[in-house]
Amino acid sequence: MNNTKLIIFSAPSGAGKTTIVRHLLETNPDLTFSVSATTRPRRDYEVEGKDYYFLTKEDFEQKIENKEFAEYEQVYQGTYYGTLKSEIERVRAEGKNLIFDVDVEGGLRLKKRYKEDSLAIFVKVSSVEVLKERLEKRNTESEAKRAERIAKAVKELLYEKLFDVVVENDKLEDALAKAQKLYDEFTGKK
Ligand code: ADP
Ligand code: 5GP
């Protein structure tokens, strides 16, 4: 691998990783988002090719067969998410660092693959109640889908220790400052 660094953000749904990742992207021009592929429906505010590559299940499974993914998973039943190898190559060619918003299993898989070139960050909140509240407020899933996310989150909270570092996101300002500090340190800026 060239000098590209990989910054991996993982957390239970609702912990705030998308918020933190978006912020880092705005403040660090040397950073590019790794756009994942997914088979879930697009939310109104999402843009194809910017937030995700939205694929049909058939297309996704074809790409699995062609070994086009660096990692992939059925994060929720029947819904695939994955990082395309071509996406990592695209950003490497630009000479930029990559930031990932992936689930806990995917994050650990990327860490295993890219080792010291990667920093795996776990975003944590103080309780499952907080996650529930945030997901209700975000209001992007049906009640059943939200319940599935919460059930998965309870299991994911146990993965914290397997990550390089933890960012607590109770107060957003503190979480953003810590994330920036970790990025600067890891990329040798400070
Ligand atoms: P994730 O990507 O981990 O699922 P999001 O970044 O979408 O989480 O955050 C879930 C919801 O919680 C969003 O509506 C977001 O605006 C809100 N949120 C994020 N961080 C905080 C925070 N520290 N305090 C309160 N609300 C937050
Ligand atoms: P959402 O549907 O809220 O955008 O994402 C649901 C979950 O899928 C989040 O935990 C998100 O981080 C994860 N996710 C997004 N892209 C990928 C990916 O490429 N691989 C894996 N393993 N998980 C992903």
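How each quantity is defined
Residues numbered from 1 in each chain as written. Chains lettered and ligands numbered in written order. Predicted model: local features only at pLDDT ≥ 70, side-chain atom pairs only at ≥ 80, totals over all residues. Heavy atoms only, no water. Near = heavy atom within 4 Å. Polar contact = N/O pair within 3.5 Å; in protein donor to acceptor, adjacent residues only side chain to side chain. Helix = DSSP H or I, 4+ residues; strand = E, 2+ residues; numbered from the N terminus. Nonpolar A, V, L, I, M, F, W, Y, C, P; charged D, E, K, R; others polar. Areas by Shrake-Rupley, 256 points an atom, 1.4 Å probe, with all protein chains shown as cover.

Chemist: What is the right way to look at the site of ligand 1 in this model?
Modeler: Neighbouring residues of ligand 1: 13 residues in total, closest Gly14, Thr18, Thr19, Arg138 and Asn169. Contacts to ligand 1 include Ala15, whose backbone N or O atom sits 3.4 Å from an oxygen atom. For ligand 1, an oxygen atom lies 3.0 Å from a polar atom in the backbone of Gly16. Among the elements of the structure, helix 1 (17–27) and helix 5 (128–138) are those that each provide at least two residues to the shell around ligand 1. When residues in the shell around ligand 1 are grouped by element, the largest group, three residues, is from helix 1. Residues of the shell around ligand 1, tallied by class, amount to three nonpolar, six polar and four charged.

Chemist: Help me out: how do you make sense of the site of ligand 2 in this one?
Modeler: Around ligand 2, a shell composed of 17 residues is seen, among which Ser36, Arg40, Tyr52, Glu71 and Tyr81 lie nearest. For ligand 2, an oxygen atom lies 2.7 Å from a polar atom in the side chain of Ser36. A distance of 2.6 Å separates an oxygen atom of ligand 2 from a polar atom in the side chain of Arg40. Starting from 510 Å² of accessible surface for ligand 2 in isolation, the protein chains cover 95%. Of all the secondary-structure elements, those providing two or more residues to the shell around ligand 2 are strand 5 (69–76) and strand 6 (79–84). Broken down by class, the residue content of the shell around ligand 2 amounts to five nonpolar, four polar and eight charged.

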